[in-house]
Every structure is written in C-alpha cells, then in structure tokens.
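Structural features, examined
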Amino acid sequence: MLQTSGLWLALATFLSIWWGHVGVRWLEAKSADIRPPMVALIIAGLILNLAALFAPNVTIGGVCSVVGIALWWDAFELVRQDRRVRHGHAPANPNNPRHARYLAEGKATLHDPLDREPSDPLVNVQPTAHRKPEIAS
Amino acid sequence: MMWEGLAIGLFSLGIIGFGFFWVIRMEYHLGYLWWPYPLLFGIAIIVLSLFVADAGWSALLGVTGASFIWGATELKEQAVRADLGWFPRNPKPKPAPPLVNIIRKIKAPHL
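What you see is a predicted model, and the numbers here were worked out from it, not measured in a lab. (Residues numbered from 1 in each chain as written. Chains lettered and ligands numbered in written order. Predicted model: local features only at pLDDT ≥ 70, side-chain atom pairs only at ≥ 80, totals over all residues. Heavy atoms only, no water.)

Focus on the overall build of chain A
Regarding its fold elements, chain A presents 4 helices and 0 strands. What you see in chain A, going N to C, is helices and strands ordered as α-α-α-α. Classification of the 137 residues of chain A by burial places 45% in the buried group. For chain A, restricting intrachain contacts to residue pairs at least 6 apart in sequence, the fraction spanning at least 24 positions comes to 54%. When the accessible surface of chain A is totalled, it reaches about 7600 Å², and 66% of it is carbon and sulfur. (Helix = DSSP H or I, 4+ residues; strand = E, 2+ residues; numbered from the N terminus. Buried < 20%, exposed > 50% of the residue type's maximum accessible area, 1.4 Å probe, protein only. Contact = heavy atoms within 4.5 Å. Areas by Shrake-Rupley, 256 points an atom, 1.4 Å probe, with all protein chains shown as cover.)

If you want it as structure tokens, here you go:
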C-alpha cells in the first residue's frame, strides 16, 4: 500500500510557498498598514502549530506545522515586500496610500522589474545597469 | 503530544532556507536553463515518498521534493535578479543543459 503522507506534505509545502509568494505580494499591495495582517498571520501560525502538537497523526500534524511556520515566514515577508516596493524592486500599487508615499519619494516603481525574460545564460552578457525608478506623476 | 508534526514544520523551514542557497548557486554556475532537472528531481523524491513505509520519513521526503520543485520555479527569476545587478552575475558562459533545444521551447515556470 502506498504511503501518502509525503504527497500531502509536498502539497502543503508547495501551496504554502506559492501563497508566500503570490498571496504576500497581494496582501502587502492591498494593505495600507501591514501590521494588522502581520499580527493575523502570526496568530494563525501559532494556532496551527499548537494544533500540530495535538494532531491525531504525523500527516495532519506535519501539514498544520508546515502551513503554520510558512504563515510566520509570510508575516516577516510582508516587511521584506514593503522594503522591495520602497526600493523599486517590486511594483507599487498607486491606490495604496503607503505605496503612493513611496512613489512620491521617487524610489518606487509601477513596473514589475522581474517581469521580463532573463538574458541567454549560454553567452557572455554584462549585467544591465540599475534601472531608474519610475516616478508617479 | 505530537512533536513529529512540529519537527516536520521546522524541517520545512530549513529545507526552504537551503533552497534559497542552492537556487542562487545553481543559477550562478549553471544558469536558469537547467530548471527541468531540479523539477524532475523534486517529482522523483515525492514519488519515492509514496514507497517509504514510515509516515514521518515519507513526510520529510515530500517536503524536500516540494522544495526542489519550488526551487526550479525560482531559477528564472533569480537569473533576472542577476541581470538587474541585484545578485552577482557569473561573467563566464554557463554550460548547456542536456536537451537544451527542447528546454528552450518550454516557458520556464515561475510563481
């Protein structure tokens, strides 16, 4: 009989990482203040890790803890995403007052700098110069 | 109390941290065109986890496999980060992966 514990944990891990990328970007872009979602993520992570301690089996315990720890990471990642936006390494949402402030300061950008194809790794290429940030009008 | 679940969660934190390390090194030395290989390696580990009797070890293999699949999706973005000068870029040409002509026809996945 097949052991499906690994499959469930793989799914939980991948979806947690996916949410950690896509969801955190969305949450940070929508939140005028990142502190409330940070607190919510920390509390949710704590609840899931406590649930893991009382889980009936390893699979459920593991899934709870993997998701719980990922949510803690995401709380920290909100701060890093805020920093990326501020420095023009991630697109700012002009409708978000916090991002609008960063755009007005002149360092943030409306473009996603990562939304491009990388250069061909099989040929010699010099790194491109730092892109000038776009300043909102 | 079920400490094994918490241990698996902590293991996931460590293996994802290791993922950041190997993605940066792999992109630097080999380039993002190698992305199918960690992807297939991750899938192979998850398939292997189905045949491990112990749920705990199977879980650890599952987490490891998923982290390699995620790493494969990070290679392309890491290459862009290096192009933008956010990470060091290897000035030497990188080795072509096996089946490079087929790989070039497939859009590299990213999250």
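Focus on the layout of surface pockets
Empty space within the largest pocket amounts to approximately 1100 Å³. Lining of the largest pocket is provided by 48 residues; of these, H21(A), R25(A), E77(A), R84(A) and R81(B) occupy positions nearest its centre. Secondary-structure elements contributing two or more residues to the lining of the largest pocket are α1 (5–30) and α3 (58–86) of chain A together with α1 (3–29) and α3 (55–83) of chain B. Sort the elements by how many residues they give to the lining of the largest pocket and α3(A) lands first, with 11 residues. Tallied by class, the residues present in the lining of the largest pocket amount to 21 nonpolar, 11 polar and 16 charged. (1 Å grid on protein atoms, 1.4 Å probe; cavity = no way out; pocket = protein on both sides within 12 Å on 5 of 7 lines; lining within 4 Å. Points joined across faces, edges and corners; volume = space filled by probe spheres on them. Nonpolar A, V, L, I, M, F, W, Y, C, P; charged D, E, K, R; others polar.)

Topic: unusual backbone geometry
Residue L99(B) is not a glycine yet carries a positive backbone phi of 65°. The topology assignment puts L99(B) in the loop between α3 and α4 (100–105).

Examining the side chain of S16(A)
Its place among the elements puts S16(A) in helix α1. A distance of 2.7 Å separates a polar side-chain atom of S16(A) from the backbone oxygen of A12(A). (Polar contact = N/O pair within 3.5 Å; in protein donor to acceptor, adjacent residues only side chain to side chain.)

Focus: the pattern of salt bridges
Residue and element names in this part refer to chain A. Under the definition given, this model contains 14 salt bridges over all chains. In this structure, R35 and D33 form a salt bridge, with 3.1 Å as the shortest nitrogen-oxygen distance. Taken together, the shared-partner salt bridges in this structure form one network comprising E28, D82, R86 and R98. (Salt bridge = Lys/Arg side-chain N within 4 Å of Asp/Glu carboxyl O.)

As for the interface of chain A and chain B
The interface is formed by 44 residues belonging to chain A together with 54 residues belonging to chain B. Taking both sides of the interface into account, the surface hidden between chain A and chain B amounts to around 4400 Å²; carbon and sulfur atoms contribute 69%. Counting the contacts that link chain A with chain B gives 4 salt bridges. In this structure, D83(B) and R116(A) form a salt bridge, with 3.7 Å as the shortest nitrogen-oxygen distance. No other element matches α1(A), which puts 12 residues into the side of chain A that touches chain B. (Buried area = accessible area lost by both parts, 1.4 Å probe.)

Digging into the packing of helix α2 (residues 35–53) of chain A against α3(A)
Packed helices, taken two at a time, are described by the angle between their axes plus the distance between the axes. Residue and element names in this part refer to chain A. Close contact between α2 and α3 brings their axes to 8 Å; oriented N to C, the two are set at 160°. Put simply, α2 runs roughly antiparallel to α3. The way α2 lies across α3 gives a crossing that is left-handed. Contact with α2, carried on its side by P37, M38, L41, I42, A44, G45, L46, L48, N49, A51 and A52, involves G61, C64, S65, V67, G68, I69, L71, W72, D74, A75, L78 and V79 of α3 and no other residues of that element. The class makeup of the residues in the contact of α2 with α3 is 17 nonpolar, 5 polar and 1 charged. (Axes fitted to C-alpha atoms, helices over the stretch in contact; angles between N-to-C directions. Parallel < 35°, antiparallel > 145°, perpendicular 65-115°, else oblique. Left-handed = near helix turned anticlockwise from the far one by under 90°.)

So, the packing of aromatic side chains
In total, this model carries 6 aromatic pairs over all chains according to the counting rule given. Aromatic side chains F41(B) and F68(B) sit 4.9 Å apart centroid to centroid with 90° between the ring planes, which places their arrangement in the edge-to-face category. With F41(B) in helix α2 (residues 36–49) and F68(B) in helix α3, this residue pair connects regions lying 27 residues apart in the sequence. You can call F41(B) partly exposed: its relative accessible area is 43%. One aromatic cluster is present, formed by W73(A), F20(B) and W70(B) through successive ring pairs. (Phe/Tyr/Trp six-rings, centres within 6.5 Å; stacked < 30°, edge-to-face > 60°.)

Quick word on helix α4 (residues 97–105) of chain A
Residues and elements named next belong to chain A. Those residues of α4 that sit buried are R98, H99, Y102 and L103. Buried residues along α4 cover an arc of 140° about the axis, so they all sit on one side. Away from the buried face of α4 by more than 90 degrees, exposed residues P97 and A104 are located. Those residues of α4 that are buried lie in contact with α1 and α3. At the N-terminal end of α4, a side-chain oxygen is found 3.0 Å from the backbone nitrogen of R98, two or three residues along, and the residue is N96. Looking one or two places after α4, you find G106, whose phi comes out positive at around 95°. (Arc of directions from axis to C-beta.)

Just distances and angles here, no functional claims.
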